[in-house]
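Examination of the molecular architecture
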Amino acid sequence: SPCDTVTTGYHSYCAGEEKRVGTRTVVVGHRPVSETDAYVAQKFCDNRIVSSKYTIWNFLPKNLFEQFRRIANFYFLIIFLVQVIVDTPTSPVTSGLPLFFVITVTAIKQGYEDWLRHRADNEVNKSNVFIVENAKQVQKESEKIKVGDIVEVKADETFPCDLIFLASSSVDGTCYVTTASLDGESNFKTHYAVRDTTVLCTDEAIDSLTVFNLCLGLNYKEKIYGVAVYTGMETKMALNYQGKSQKRSAVEKSINAFLIVYLCILLSKATVCTTLKYVWQSNPFNDEPWYNEKTKKERETFKVLRMFTDFLSFMVLFNFIIPVSMYVTVEMQKFLGSFFISWDKEMYDEEIKEGALVNTSDLNEELGQVEYVFTDKTGTLTENSMEFIECCIDGHKYKDCMPEADGFSQTDGPLKYYGKCREELFLRALCLCHTVQIKEGDQVDGLIGHPEHKCTYISSSPDEIALVKGAKNYFSSTKSKLNPFLFSERYQLLHVLNFDPVRRRMSVIVRTTAGKLLLFCKGADSSIFPRVQQEEIQQTKVHVDRNAMDGYRTLCVAFKELTQKEYDKIDRQLNEAKMALQDREEKMAKVFEDTEADMHLIGATAVEDRLQEQSAETIEALHAAGMKVWVLTGDKMETAKSTCYACRLFQTSTELLELTARTVGESERKEDRLHELLMEYHKKNTTMLSWTLSQEYGLIIDGSTLSLILNPSQDSSSSNYKNIFLQICLKCAAVLCCRMAPLQKAQIVRMVKNTKGSPITLSVGDGANDVSMILEAHVGIGIKGKEGRQASRNSDYAVPKFKHLRKLLLAHGHLYYVRIAHLVQYFFYKNLCFILPQFLYQFFCGFSQQPLYDAAYLTMYNICFTSLPILAYSLLEQHISIDTLTSDPQLYMKVSDNAMLQWKPFLYWTFLGAFEGLVFFFGVYFLFQNSSLEDNGKVFGNWTFGTIVFTVLVFTVTLKLALDTRFWTWMNHFVIWGSLAFYVFFSFFWGGVIWPFLKQQRMYFVFAHMLTSVSTWLAIILLIFISLFPEILLIVLKNIKKKKHQVRNKMIYCKTDAFSRPLKCIWHKSGFMFLQALALLQDCVSAQRTLGGARRRCTLAEPGARCRRTGLEWELERMARQMLLLGSMQYFANHANSFSILLFLPL
């Protein structure tokens, strides 16, 4: 007997049964439960969706806790507390204000992002829905839905919660849904209500129901009724987006490593100064001079405690070597820089009216470090737009539904099946065996549209739509699924045995007007061939293999006739399986397996999935950029291999190594054969020279063989399959993995990601079956394709087409990496320049912890004076133009393997910062050998000394960035020169006013008075130039090397074209410089010698013959001499600045 409740989960029970794990009891419509029922009311969450991270009450404590988990923020917090507690040489403001700025900016950014999530949640929670209460419709907000409410959902609306499907407005109780909001799949899927509730199509009728069937998604019928069983954060939608792992870029790891180095430098400096202080104070006069006697408290303090306090004081004094503001600058650079990807017009697709999407801005620089690309095939490399190409019927090939010779003629002998010829039966199967639905065009004002109006096909698979359209070309298509008119006949659809990825086939059972029962089945060849008569396979298999080699997607079609007794048995078993509350899927699969047996093979179809535009060129560019591309697909090997050749993953010269079921075999000792193949291929790897550049190898492996490799049996002859297989894969130029399950795709990515060196991996796909590998890779790219948006939602970046991957990696990725790498190195460099003079100053002030710079300068150095120029540089710099980066993929390899954040460039920046810090300090120190810098004999003090050092510092590090800038915009000019102007203005303003809140006015009029000295002006200019001279010299040497490289390229060009195109050889580019002109003259002289030798041979061959100089000789000599003159003039004009600098040095 039916229960008064609905039970969901793996177990079901009626009132009085013991509660089991994984179940919940739902009272439909909140009816009162009988006192005799042993029912304990359960508490369920409300229907509010909460994707936000903070609330107005917990934002401050929670955000602060998360920010201080960062080592740099926590470090500066400790420094700030030390300054507050201990008597330190600098004010707590110097550490507290920068820390407050960083914390505030980060909190504002994170708060804004969370506010957007709150707003999105409110749009969902406040949306209106209709609830059936007491046989009436009641409008409520979505968040007020409770478990047990009966919800009415109309066509094209989103389900507000997880529902059990009760009934729909359709007669057969079907509901056509998409799960785009759940798993991204936009294809329609059919769901059925249990027959007991199918007739409950009104509000009054639905108020008296008993048992139900589960459904989730978007519906296509007019409306459906469902009971809410899971709400709010317990719905599949909410659970689907919980627990996503956090990805970290390689740049963050480098920052942490560099931070540890600078932390060691900081500890070393504090230790050295503390030690030398007590060495200095070992002399009684230095320890307690007559003018600075110690207090009683200082004399009674333990020496160890004093040493520890001094150590902390030096730590505070030198703490600015750790760039706390770098973190907030990096975050701002990533956040703002991500907009350039979204704004890129070249990555905008007119067809779908969408551009690129950035879901995670933390991995921008990782796009420039990719070494392995794992891509799906269908919908990623191909368009996922199917077109019916040809078919094979009983071994005969038909193209465009016409045979190669004479159409559907029966000259080969009509193969009769129950009165139907073979072609007619085949097309009958295509028209009947599918789940395609027809969505009629809109009607205006109730008028019926034109009978030939276009209609939209809706199906769970684009293959089915292609097959139905192919059949439609020759026969009338159906108006509805329940009323087909084919060959002027009516068929009754009895059952649909739906497709699933395990069976890889689907079937329908229909009844003809004559009462005959037929089963039509279509599916993959590996699924159909074992279930048909074996003597019918061979002729069709030849065509299937040939079509697969041509890159077509193939399906086989079969049928069988059922007796009434057989059908009654199948009908009873299907109904029992559909009604089962336990193991329903297994029971349904068992009935399907028994039904789809002993069929007759009719033929096979070939559907083409065209390659996406420029997919082949994109793969070639990725190969040229040093990336290895692997294709991971669920398609059969022949189809996937043909696609790989078409998209140039495999070249014609590539030798393919196969590890598939065909090569391994189906014997009981497959592991032994697999081991033999692995050792054979590995031997090629280690002993043969064919793995060099002269021969490329490609590997093909299928899912079954991969399972043997990743999960070998315990008694197999070898347990190191995985290591050998991985070595073979890494040596191959390309790898194709076919017949892959979604989990196997993720296993492949994880295997490569965890190899030695931890190469950066990128996965790209368009469907829900690609989500696992997208989440597993370092960088996940989603294609906004036709298989829904689950891939793009779970990815880090989403692009409309595969071709956009080229610019995303080669241009955006390259530039983002160069920018952020320069930003990181620059921050460490400028802070070392900042603190080193402070360290050196301690040697000249008795290690008294006297600060060199004023507190205002300490506070504002990283916040105001030097922050905006590097931020603008990291957003706008293009050291190479985007067009050049896209057209020359080899430039990508110059920054690969984290080249700009290795220890060698890090040490270069560190030594450069140390050199400049020494120049700043000792340059001003020698200037102050005569402390009277004015004619009036007025002496400058220690704050003037520090201000001069700080002025040289600010100008040098800012001009260093200007020297590094290759792409100037108005914003670069504004922030660079504006920052320098702001520093000068602030110094005048800070020293020109007596501030009442300051105890000491030590900077009053210091900056203005400093600039009255001509010696100070000359010293500042000279020290800036000396500091930047190594950088200028390096730029000049790089330019000379670059020009020499260009000359070599031009020489190669001229040597190949000097005779055929001499004018283009000479004037290929106007304004050749001096060295280029010399090279051209050398080529032309060589050409003259060649022609002269030919003339002498002419004279020797025919004595007395007149072998004159050809026009080519005269032209080469005249133009080369003219070019030498013009080139030398151009060279000196272009290098006038460099020559003036070099000539200035001796002066």
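Residues numbered from 1 in each chain as written. Predicted model: local features only at pLDDT ≥ 70, side-chain atom pairs only at ≥ 80, totals over all residues. Heavy atoms only, no water.

Observations concerning the overall build of the chain
What counts is decided by this rule: Starting at the N terminus, helices and strands are each numbered in turn, a helix being any DSSP run of H or I of at least four residues and a strand any DSSP run of E of at least two. Each residue's exposure class comes from its accessible area (1.4 Å probe, protein chains only) as a fraction of the maximum for that residue type: buried when under 20%, exposed when over 50%, partly exposed otherwise. Contact definition: two residues touch when any of their heavy atoms are within 4.5 Å. All accessible-area figures derive from a Shrake-Rupley calculation using a 1.4 Å probe, and residue coverage is judged against the displayed protein chains alone.
Counting its secondary structure elements, the chain contains 39 helices and 32 strands. For the chain, the proportion of its 1147 residues judged to be buried stands at 49%. Sequence-distant contacts, at least 24 apart, represent 74% of the contacts inside the chain between residues at least 6 apart. Of the roughly 55,600 Å² that the chain leaves accessible, carbon and sulfur atoms contribute 59%.

Quick look at unusual backbone geometry
The residue Asp394 is not glycine, and still its phi comes out positive at about 55°. Residue classification places Asp394 among the partly exposed positions, given a relative accessible area of 26%.

What about the nonpolar core?
Heads up, the rule is: In these notes, a set of buried Ala, Val, Leu, Ile, Met, Phe, Trp, Tyr and Cys residues joined through side-chain atoms within 4.5 Å is what counts as a nonpolar core.
By size, the foremost hydrophobic cluster in this structure holds 98 residues, and its most contacted members are Met326, Val824, Phe834, Tyr853, Tyr857, Phe950 and Leu953. The biggest single contributor to this core is helix α27 (residues 804–841), with 18 residues. Counting residues in each nonpolar core, the second largest holds 41 residues, with Ala621, Cys644, Ile781 and Leu808 among its members.

Some details on the sheet that holds strand β29 (residues 734–738)
Rules: One bridge is not enough; two strands pair if DSSP finds at least two bridges between them.
In spatial order, the strands read β12-β32-β31-β30-β13-β26-β29-β28-β27; together these 9 strands make up an open sheet with mixed pairing. The open sheet terminates on both sides in strands that have one partner only, identified here as β12 (357–358) and β27 (655–659).

Regarding a positive patch on the surface
Quick note on the threshold: Nonpolar side chains (Val, Leu, Ile, Met, Phe, Trp, Tyr) are joined into patches within 5 Å and like charges within 9 Å, using only residues with over 30% relative accessible area and no salt bridge. What counts as a salt bridge is simple: a side-chain nitrogen of Lys or Arg found within 4 Å of a carboxyl oxygen of Asp or Glu. Within this scheme the basic residues Lys and Arg register as positive and the acidic residues Asp and Glu register as negative, but His and the chain ends are omitted. Where a charge sits is defined by one atom per residue type, namely NZ (Lys), CZ (Arg), CG (Asp) or CD (Glu).
A contiguous patch of positive charge, built from Lys894, Arg966, Lys1038, Lys1042 and Lys1043, is present on the exposed surface. Of note, Lys1042 is situated in helix α35 (residues 1014–1057). Classification of Lys1042 by relative accessible area gives exposed; the value is 51%.

Some thoughts on the pattern of salt bridges
Scanning all chains against the criterion turns up 33 salt bridges. Close ionic contact of Asp310 with Lys277 constitutes a salt bridge, the shortest N to O distance being 3.2 Å. With Asp310 in helix α10 (residues 303–317) and Lys277 in helix α7 (residues 250–280), this pair connects stretches of sequence that are 33 residues apart. The exposure class of Asp310 is buried, given its relative accessible area of 11%. You can call Lys277 buried: its relative accessible area is 10%. Notably, a salt bridge pairs Glu350 with Lys353, separated by 3.2 Å at the nearest N-O pair. Like Glu350, the residue Lys353 is exposed in the burial classification.

Some points on the packing of α27 against helix α31 (residues 903–927)
When two helices pack together, their arrangement is given by the angle between their axes and by how far apart the axes lie. Note the threshold: Between the N-to-C directions of two axes lies an angle of 0 to 180 degrees, each axis being a line fitted to C-alpha atoms and, for a helix, fitted only over the stretch in contact. Here a crossing is taken to be left-handed if its near helix is turned anticlockwise relative to the far helix by less than a right angle, and right-handed if that turn runs clockwise. For this classification, Asp, Glu, Lys and Arg are treated as charged, while Ala, Val, Leu, Ile, Met, Phe, Trp, Tyr, Cys and Pro are nonpolar and the rest, including Gly, are polar.
Here α27 crosses α31 at 35°, and the two axes come no closer than 8 Å. Between α27 and α31 lies a crossing of right-handed hand. For the contact of α27 with α31, the per-class residue count stands at 17 nonpolar, 5 polar and 1 charged.

Quick word on the pairing of strand β3 (residues 128–133)
Across 6 bridges, β3 lies against strand β4 (residues 136–141) in antiparallel orientation. What sits directly across from Phe130, in β4, is Gln139. Hairpin connection, β3 to β4: the antiparallel pair is bridged by 2 residues, and Asn134 has positive phi, about 55°. Where β3 meets strand β5 (residues 150–154), 3 bridges bridge the pair, whose relative direction is antiparallel. The partner of Phe130 across the bridge, within β5, is Glu152.

A few points about the packing of aromatic side chains
Put simply, the rule reads: For this analysis, a ring pair means two rings from Phe, Tyr or Trp (six-membered ring only for Trp) whose centres lie within 6.5 Å, classed as stacked if their planes differ by under 30 degrees, edge-to-face if by over 60, and tilted for the remaining angles. Whether a charge sits over a ring comes down to the Lys NZ or Arg CZ being within 6 Å of the ring centre and within 35 degrees of the ring normal.
Scanning the entire structure with this criterion turns up 58 aromatic pairs. Relative to Phe320, the ring of Phe76 has its centre 6.5 Å away and its plane inclined at 65°; by these criteria the two rings are edge-to-face. One end of the pair, Phe76, is in helix α2 (residues 71–85); the other, Phe320, is in the loop between α10 and α11 (325–342), with 244 residues separating them in the sequence. The residues Phe76 and Phe320 share a single accessibility class, namely buried. Seen from their ring centres, Phe986 and Trp990 are 6.0 Å apart, and the 10° between their planes marks the pair as stacked. Linking Phe986 with Trp990, this pair stays in helix α33 (residues 970–991), spanning 4 residues, or about one helical turn. The same class applies to Phe986 and to Trp990, which are both buried. Lys960 extends its terminal NZ or CZ atom over the ring of Tyr829, reaching a point 5.9 Å from the ring centre.

Some details on the UniProt feature "binding site: Mg(2+)" (unreviewed entry) in the chain
As a reminder, the rule being used: UniProt positions are given in the numbering used here, feature names are shortened, and annotations may be inferred rather than shown by experiment.
The positions that UniProt labels "binding site: Mg(2+)" (unreviewed entry) are, in the present scheme, Asp376, Thr378, Asp766 and Asp770. Despite a sequence span of 395 residues, these residues sit close together in the fold, their greatest C-alpha distance being 10.7 Å. Tracing the sequence through the fold places Asp376 in the loop between β13 (372–375) and β14 (382–393). Discounting residues that sit within four places of it in the chain, Asp376 has contacts with Leu381, Leu632, Thr633, Lys745, Val764, Gly765, Asp766, Asp770 and Met773.

Focus: the UniProt feature "coiled-coil region" (unreviewed entry) in the chain
If you check UniProt for "coiled-coil region" (unreviewed entry), the listed places come out as residues 560–587 in our numbering. Note that residues 560–587 is 71% helix and 11% strand, and that its end C-alpha atoms are spaced 22 Å apart.

Description of the packing of α11 against helix α29 (residues 867–876)
In contact at an axis separation of 9 Å, α11 and α29 are set at 35° when each is read in the N-to-C sense. As for how α11 packs across α29, the hand of that crossing is right-handed. Residues Thr329, Met332, Gln333, Leu336, Gly337 and Phe340 of α11 pack against Leu871, Ser874, Leu875 and Leu876 of α29. Residues belonging to the contact of α11 with α29 are distributed by class as follows: 6 nonpolar, 4 polar and no charged.

Observations regarding the environment of Leu562
Tracing the backbone through its elements, the reader meets Leu562 in strand β24 (residues 553–562). For the pair Leu562 and Leu518, spaced 44 residues apart in sequence, the C-alpha separation works out to 5.8 Å. Residues in contact with Leu562, not counting those within four places in the same chain, are Ile509, Leu517, Leu519 and Ile570.

Brief notes about the confidence of the model for the chain
The condition is simple: Known as pLDDT, the predictor's per-residue confidence is scaled from 0 to 100.
Here the chain averages 76 in pLDDT, while 74% of its residues score no lower than 70. Note that residues 209–220 has pLDDT below 50 and, in this model, 63 contacts with residues that lie over four places away or in other chains. A low-confidence stretch, residues 1093–1110 stays under pLDDT 50, and its non-local contacts, those more than four residues away or across chains, total 10 contacts.

Details of the side chain of Gln333
Secondary-structure assignment places Gln333 in helix α11. Judged by its relative accessible area of 2%, Gln333 falls in the buried class. Apart from residues no more than four positions distant in its own chain, Gln333 is found in contact with Tyr816, Arg819, Ile820, Leu823, Leu871, Ser874 and Leu875.

Topic: the side chain of Asn319
Test applied: In protein, a polar contact means a hydrogen-donor-capable atom and an acceptor-capable atom, both N or O and within 3.5 Å, with residues adjacent in sequence counting only if both atoms are side-chain atoms; elsewhere, any N or O pair within 3.5 Å suffices.
Note that Asn319 resides in the loop between α10 and α11. The class of Asn319 is buried, set by a relative accessible area of 0%. Within the structure, Asn319 has its side chain in polar contact with the backbone oxygen of Val316 (distance 2.2 Å).

A few points about the environment of Met637
Along the polypeptide, Met637 turns up in helix α19 (residues 637–646). Overall, the relative accessible area of 8% leaves Met637 in the buried class. Each C-alpha atom, one on Met637 and one on Ile700, is 8.1 Å from the other, the two residues being 63 residues apart in sequence. The residues touching Met637, leaving out its near neighbours within four places in the chain, are Glu658, Thr660, Arg662, Ile700 and Cys738.

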